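So you can see what is in the structure, the chains are spelled out below.
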Amino acid sequence: MVIDEQIKMLCVKSNISVSEIGRRLNKTPQAFSQKIKRGNFTVDELSEIALVSGCQLKCEFVFPDGYRVVIE
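What comes next concerns the included structure. This structure is a prediction, so every number in the text was calculated from the model and none was measured.

Calculation criteria
- All chains use their own residue numbering, which begins from 1 and follows the written sequence.
- Restriction of local features to residues with pLDDT of at least 70 applies here, the model being predicted, together with a cutoff of 80 or more for giving and counting side-chain atom pairs; totals for whole chains, interfaces and linings are based on all residues.
- Only hydrogens and water are removed before side-chain values are computed, so all heavy atoms of the structure are retained for them.
- Numbering goes from the N terminus for both helices and strands, where a helix is a DSSP run of H or I of at least four residues and a strand is a run of E of at least two.
- Between the first and last residue of a helix there are one fewer steps than residues, each counted as 1.5 Å, and that sum is the expected span.
- Buried means the residue's accessible area, taken with a 1.4 Å probe over protein chains only, is under 20% of the maximum for its type, while exposed means over 50%, and partly exposed covers the values in between.
- This arc describes the spread of directions from the helix axis toward the C-beta atoms.
- Contacts were defined at the residue level, with two residues in contact if any of their heavy atoms lie within 4.5 Å.
- With a 1 Å grid laid over protein atoms only, a set of points is called a cavity when a 1.4 Å probe fits there but cannot get out and a pocket when it is open yet has protein on both sides within 12 Å along at least five of seven lines; lining residues have an atom within 4 Å of a point.
- Grid points are joined across faces, edges and corners, and a volume is the space filled by probe spheres set on the points.
- Only Asp, Glu, Lys and Arg are considered charged, only Ala, Val, Leu, Ile, Met, Phe, Trp, Tyr, Cys and Pro nonpolar, and every remaining residue, Gly among them, polar.

Turning our attention to helix H1 (residues 3–14). Over its twelve residues, H1 runs 16 Å from end to end, which matches the ideal 16 Å to within 8%, given 1.5 Å per residue. By the burial criterion, the buried members of H1 are Ile7, Leu10 and Cys11. The buried residues of H1 occupy an angular sector of 100 degrees when the element is viewed end-on, so they sit on one face. Among the exposed residues of H1, those pointing more than 90 degrees away from its buried face are Val12 and Lys13. Among the structural elements, helix H2 (18–24), helix H3 (29–38) and helix H4 (43–53) are those in contact with the buried residues of H1.

Size it by volume and the largest pocket reaches roughly 220 Å³. Taken together, Ile3, Gln6, Ile7, Leu10, Leu46, Ile49, Ala50, Cys55, Gln56, Leu57 and Cys59 make up the lining of the largest pocket. Taken together, the elements giving at least two residues each to the lining of the largest pocket come down to H1 and H4. For the lining of the largest pocket, the element with the highest residue contribution is H1, accounting for four residues. Partitioning the lining of the largest pocket into residue classes produces nine nonpolar, two polar and no charged.

Spelled out as structure tokens, the structure:
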């Protein structure tokens, strides 16, 4: 699943529109929609999206042996 689909799922689950997330991030709805289409988000940007939508973002690398490197 690509990031645009994941953000749209986040919106549905959070009962918030993509435009509203953009506004909460101080971006125009059009600019935020274009960013979603491009799909080039940093971890910091994804953390901000999580924050304004009321959830957490957890990122990590998981090795085959179970060792985890958490991205903060």
